Amino acid sequence: VLNLDGFGRFISAYARRLADLQSVLNELDNRIGDGDHGTNMARGFRVASEKLSQTTVTDLGNACSAVAMALLGSVGGVSGPLYSTVFMKFAAAWKGATTVDFESLREAIKSALEGLEARGKAKRGEKTLIDVWLPVVECLYEEETAPEEALKQCVKVAQQAAIDTKPLRATKGRAAYLGDRSKGTCDPGSVSSAVFFEELVDVVVGGVERIEWQTSAL
Ligand code: ADP
Ligand code: MG
């Protein structure tokens, strides 16, 4: 389902999307935070993508570690350690593997969610990226659905979940300082996470319908 080559394509595709969406993510963060989420993510994944192409990686474990380290070293905001945790969990799940199947992919995503929960202490409905990762994992573990279908489905779930953060009041992170005034804007980290799943799933199963994320609708 996912090999080293695919993983590399995912990281560079995600880096490109983040570069394109930099101002959108900054604008969202500007409304309810300090306006740097786009800058943080675009820089972090540009550095990660460069590092990955320059490093000799032999398996998905050390490829993910390289990305995790690059993010930790290049992102100032809280999203640095958060997304770094995701790739640290992937690295642990895929140690020594050059290719992973659907089962291993969804286990890694689940373990990344657990890492995010442990690090950020956010629960569902607190207007953080947990609001995207949680329903994605639920979708991937839906019993009735075939693996490939579940993966495709989880992109739509992630997109909708990011949009659904709009009316929420933030109780974690910088946006929590705004209290009720954090309502009415989508959570920037949830949008960057939805884009994460758009690009990851497109590499794995293809044919993903991406959203043109525009601030006017968010
Ligand atoms: P900073 O808040 O340090 O400026 P960013 O702007 O890069 O960092 O990232 C903000 C995003 O981080 C938010 O939109 C939210 O999704 C996510 N976030 C903040 N705090 C938490 C938390 N405790 N748990 C999970 N995600 C969080
Ligand atoms: Mg910020």
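Before reading on, note that the structure itself is shown above.
Report follows, based on the coordinates. (Residues numbered from 1 in each chain as written. Chains lettered and ligands numbered in written order. Predicted model: local features only at pLDDT ≥ 70, side-chain atom pairs only at ≥ 80, totals over all residues. Heavy atoms only, no water.)

1. Here's the deal with the nonpolar core
Okay, so step 1: Counting residues in hydrophobic clusters, the biggest one holds 68 residues, and the most contacted among them are Phe7, Phe45, Phe87, Phe90, Ile109, Trp133 and Phe196.
Okay, so step 2: Excluding residues that lie within four positions of it along the chain, tryptophan 133 makes contacts with Val86, Ile109, Ala112, Leu113, Leu116, Ser193, Phe196 and Phe197. (Core = buried A, V, L, I, M, F, W, Y, C linked by side-chain atoms within 4.5 Å. Buried < 20%, exposed > 50% of the residue type's maximum accessible area, 1.4 Å probe, protein only. Contact = heavy atoms within 4.5 Å.)

2. Looking at the packing of helix H6 (residues 130-140) against helix H7 (residues 147-163)
Okay, so step 1: Between H6 and H7, the shortest axis-to-axis distance is 9 Å and the interhelical angle comes to 155 degrees. Regarding the angle of H6 to H7, the classification is roughly antiparallel. Relative to H7, H6 is oriented so that their crossing is right-handed. Here Asp131, Val132, Pro135, Val136, Cys139 and Leu140 of H6 come into contact with H7, specifically with Ala150, Leu151, Gln153, Cys154, Val157, Ala158, Ala161 and Ala162.
Okay, so step 2: The class makeup of the residues in the contact of H6 with H7 is 12 nonpolar, one polar and one charged. (Axes fitted to C-alpha atoms, helices over the stretch in contact; angles between N-to-C directions. Helix = DSSP H or I, 4+ residues; strand = E, 2+ residues; numbered from the N terminus. Parallel < 35°, antiparallel > 145°, perpendicular 65-115°, else oblique. Left-handed = near helix turned anticlockwise from the far one by under 90°. Nonpolar A, V, L, I, M, F, W, Y, C, P; charged D, E, K, R; others polar.)

3. Concerning the coordination of the magnesium ion (ligand 2)
Okay, so step 1: The coordination sphere of the magnesium ion (ligand 2) contains the protein donors Asp29 (OD), Asp34 (OD) and Asp36 (OD), at a distance range of 2.0 to 2.2 Å.
Okay, so step 2: The sequence pattern describing where the donors of the magnesium ion (ligand 2) fall on their chain is D-x4-D-x1-D.
Okay, so step 3: Here aspartate 29 falls in the buried class, since its relative accessible area comes to 10%.
Okay, so step 4: With relative accessibility at 23%, the residue aspartate 36 sits in the partly exposed group. (Donors = N, O, S within 2.8 Å, 3.2 Å for Na, K, Ca; no water.)

4. Some words on the site of ligand 1
Okay, so step 1: For ligand 1, the set of nearby residues contains 19 residues, the closest of which are Asn40, Val78, Ser79, Gly120 and Asp187.
Okay, so step 2: At 3.0 Å from an oxygen atom of ligand 1 is found a side-chain nitrogen or oxygen belonging to aspartate 29.
Okay, so step 3: Interatomic distance of 2.5 Å between a side-chain N/O atom of aspartate 187 and an oxygen atom of ligand 1.
Okay, so step 4: Contact with the protein chains covers 92% of the free accessible surface of ligand 1, which is 570 Å².
Okay, so step 5: Among the elements of the structure, helix H2 (37-54), helix H4 (79-93) and helix H8 (188-204) are those that each provide at least two residues to the shell around ligand 1.
Okay, so step 6: Considered class by class, the residues forming the shell around ligand 1 number five nonpolar, eight polar and six charged. (Near = heavy atom within 4 Å. Polar contact = N/O pair within 3.5 Å; in protein donor to acceptor, adjacent residues only side chain to side chain. Areas by Shrake-Rupley, 256 points an atom, 1.4 Å probe, with all protein chains shown as cover.)

5. What to know about unusual backbone geometry
Okay, so step 1: The backbone phi angle of lysine 121 is positive, close to 55 degrees, even though this residue is not glycine.
Okay, so step 2: Mapped onto the elements of the fold, lysine 121 is located in the loop between helix H5 (102-120) and H6.
Okay, so step 3: The exposure class assigned to lysine 121 is exposed, which follows from its relative accessible area of 55%.
Okay, so step 4: Positive phi values are uncommon outside glycine, yet lysine 127 reaches one of about 65 degrees.
Okay, so step 5: Considering the arrangement of structural elements, one finds lysine 127 in the loop between H5 and H6.

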